[in-house]
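In case you want the letters, here they are:
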Amino acid sequence: MAKRMEATKFLVPLNGERVDENTLRLACTIARSEKGKVYAIYVIEVKRALPLDAEIEPETEQAEKVLKRAERIGDEMDCEVVTELLQAREVGPAIVDEAVERGIDVIIMGMPYKKPFGEFELGNTVPYVLKHAPCRVLVWRESVDIEEP
Amino acid sequence: MYIIVVGGGKLGYYLTTTLLKEGHEILILEKDPAKCDAICEELGSVVVRGDGCEARTLAEAGTERADMLIAVTNEDEDNLVACQVAKHKFNVPRTIARINNPKNEALFKKLGIDVTVSSTNLILEHIAEEVPTHPLIHLLTLTGRNLEVVEIKVPPNSAAVGKRVRELALPPQSVITLMVGKWGAVVPTLDTILEPGAQLIAVTRTEAKEALREAITATKGAE
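Residues numbered from 1 in each chain as written. Chains lettered and ligands numbered in written order. Predicted model: local features only at pLDDT ≥ 70, side-chain atom pairs only at ≥ 80, totals over all residues.

Draft legend 1. Region of interest: the overall build of chain A. On a plain count of helices and strands, chain A comes out with 5 helices and 5 strands. Scaling as 2.2 N^0.38, a compact globule of 149 residues should have a C-alpha radius of gyration of about 15 Å, and chain A matches this with 15 Å. In terms of overall dimensions, chain A has a C-alpha envelope of 55 × 35 × 30 Å along the principal axes. For chain A, the residues scored as buried account for 28% of the 149 residues in total. Long-range contacts, defined here as pairs at least 24 residues apart, represent 78% of the contacts in chain A between residues at least 6 apart. (Helix = DSSP H or I, 4+ residues; strand = E, 2+ residues; numbered from the N terminus. Rg over C-alpha atoms; globule rule 2.2 N^0.38 Å. Buried ≥ 20, exposed ≤ 12 C-beta atoms within 10 Å, placed from the backbone. Contact = placed C-beta atoms within 7 Å.)

Draft legend 2. Structural detail: the nonpolar core. Ile 4, Val 5 and Leu 69 of chain B are the most contacted members of the largest nonpolar core, which totals 33 residues. For this core, the secondary-structure elements that each account for two or more residues are strand E1 (2–6), helix H1 (10–21), strand E2 (25–30), helix H2 (33–43), strand E3 (47–49), strand E4 (68–71), helix H4 (76–88) and strand E5 (94–99) of chain B. With 5 residues, the single largest contributor to this core is H4 of chain B. Those residues within four positions of Leu 69 of chain B in sequence are excluded, and the remaining contacts are Ile 4, Val 6, Thr 63, Ala 82, Cys 83, Ala 86, Val 92 and Thr 95 of chain B. Ranked by size, the runner-up nonpolar core spans 31 residues in total, among them Phe 10, Val 12, Ala 40 and Val 106 of chain A. (Core = buried A, V, L, I, M, F, W, Y, C linked by C-beta atoms within 7 Å.)

Draft legend 3. Structural context of the sheet that holds E1 of chain B. All names here are of chain B. Across the sheet, which stays open at both edges, the 6 strands sit in the order E3-E2-E1-E4-E5-E6 with parallel pairing between neighbours. Since the sheet does not close on itself, it has two edges, and those belong to E3 and strand E6 (115–118), each with one partner. Across the sheet, the axes of successive neighbouring strands diverge by a mean angle of 20°, strand direction being ignored. Where E5 and E6 come together, 4 bridges link them in parallel fashion. (Pairing = 2+ DSSP bridges. Axes fitted to C-alpha atoms, helices over the stretch in contact; angles between N-to-C directions.)

Draft legend 4. How the structure looks around the domain arrangement of chain B. What the domain assignment reports for chain B is domain 1 (2–121) and domain 2 (128–217). Each of domain 1 of chain B and domain 2 of chain B has a C-alpha centre, and these two points are 36 Å apart. (Domains from an automatic or database assignment.)

Draft legend 5. Focus on the interface of chain A and chain B. In this assembly, 7 residues from chain A lie in contact with 9 residues from chain B. Across the side of chain A that touches chain B, the residue classes tally to 4 nonpolar, no polar and 3 charged. (Nonpolar A, V, L, I, M, F, W, Y, C, P; charged D, E, K, R; others polar.)

Draft legend 6. Here's a closer look at the confidence of the model for chain B. Within chain B, residue pLDDT values average 90, and 97% of them lie at 70 or more. Note on the complex model: pTM 0.72, ipTM 0.71. (pLDDT = per-residue confidence, 0-100.)

Draft legend 7. Fine view of the sheet that holds strand E10 (residues 184–186) of chain B. All names here are of chain B. If you walk across this open sheet you meet the 5 strands as E7-E8-E11-E9-E10, and the pairing is antiparallel. Across the chains shown, the open sheet's two edge strands, defined by having one partner strand only, are strand E7 (136–142) and E10. The average undirected angle you get between the axes of adjacent strands in this sheet is 20°. Where strand E8 (residues 147–153) lies against strand E11 (residues 199–205), 7 bridges are found, and the strand directions are antiparallel. Counterpart to Lys 153 in the pairing with E11 is Gln 199. Across the sheet, helix H7 (residues 209–217) lies against E7, E8 and E11, angled at about 25° from E8, the strand it touches most.

Draft legend 8. Spatial organisation of unusual backbone geometry. Its identity is not glycine, yet Asn 91 of chain B carries a phi of approximately 50°, on the positive side. Here Asn 91 of chain B lies in the loop between H4 and E5.

Draft legend 9. Summary view of the environment of Ile 44 of chain A. Residue and element names in this part refer to chain A. Relative to the helices and strands, Ile 44 is located in strand E2 (residues 37–45). Given 17 C-beta atoms within a 10 Å radius, Ile 44 is considered partly exposed. The spatial distance from the C-alpha of Ile 44 to the C-alpha of Tyr 128 is 17 Å, given a sequence separation of 84 residues. With residues up to four places along the chain from it excluded, the contact list for Ile 44 reads Ile 56, Glu 59, Thr 60, Ala 63 and Gln 87.

In C-alpha cells:
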C-alpha cells in the first residue's frame, strides 16, 4: 500500500488569474484524498501611502469574487474550502505568515506561463515562498498553450 | 505610530528593531540593495529600496501619513535633506536627524529640524564621564528650551568649597538642583554649604555652561 503524504492542511494563494481554478482543483483533489482542508487566500497589496487596514474598494470587490468562486469550486468537488481575504504590504511574506499561523502542511501555488521580456520569469512571490516557507511548497505552472494565444 | 527611518545601517537596523518591539509601524528607506535584502531577511517587509532624500521615494513610502521621520544615515547632508523634505513637503509633525559632524548642529536647528542627535558628541560625553578629572558632564538637553541638565564635581581645591550656594557667582538661569556628597543626596537650599568632592546636578542655559563650570570649579588662586 502506498505511503500517505501526511498532509491535511493545504494553502492556496489566489490572485484572480486564470491559473487559480486549476490550482484550486488540484489542491481540492489532493485534500479530499487526504481527508484534509484547503485554505484559499487572496492577498491585497496595500501601498505604503495607505494604512494597512485601509478599505480599497475595487480590489476588495475583486478579491471577494475570487474567494466566492473558490468556495463554489470546493462545493463542486466536495472539499472543505476555507477562504480568507488578507491585506499586506507584500504578498510573499503574507503567504508565509499565513502558512505559519495556520500550521499549513503544503502550500500549492499556481503561476501562469509568462515571458514579459521574452524571458520566462518566476516573479517575486514564488521565489520568496519557496525560500521562506517552513512547509512543503508545490508550484503548479500553467501549460504554455493555455497562456499563449 | 507610523515612523519612517532613513538609512538602514547598524543604527537604522537596531532603531527599527526597538521601535517594532514597541508596536510601531516602521519603514526603512535604504539605497543599498544588499542592506535591503539583509534587513528584509531579518525583519520582514519593513524596508523599501530608495533614496530618502527624494520626494518621489518619500511619497511612495507614505510620508504624508507618517507621524515621525528619523534620518540616521552616515551623511549629514542626506539627513538634513530627508528631514527638510519630510517637514516642509509632507508636513511630518516630528523629524529627528543624526548629526555626524558636531559643527552642523547649529545649522540643523536653524533649518527647523525638530530634534538633532550628535553621535560624535554623545560618544565624547560618554568618554568624558569616564575621565575622573572631567569636572562637567552633560546629562540631558531639555528640548526646545535651550536648557541642559549637567553634572559638576566640586574639586577639593575649588574656591567654592565651604561657600553657601547663595555666595556662588552662578550665571543667570542656572540652578543647582541636587547635591550628592558624603551625607548622601540633598536638595540644596541657598544656605547649603558646598562639600569638597560633591557631585552637583544643575540646570543651566547652554551658553552659560562654561560660566557655571567656572563658578564651581575655579581654584582659590584663580578666583
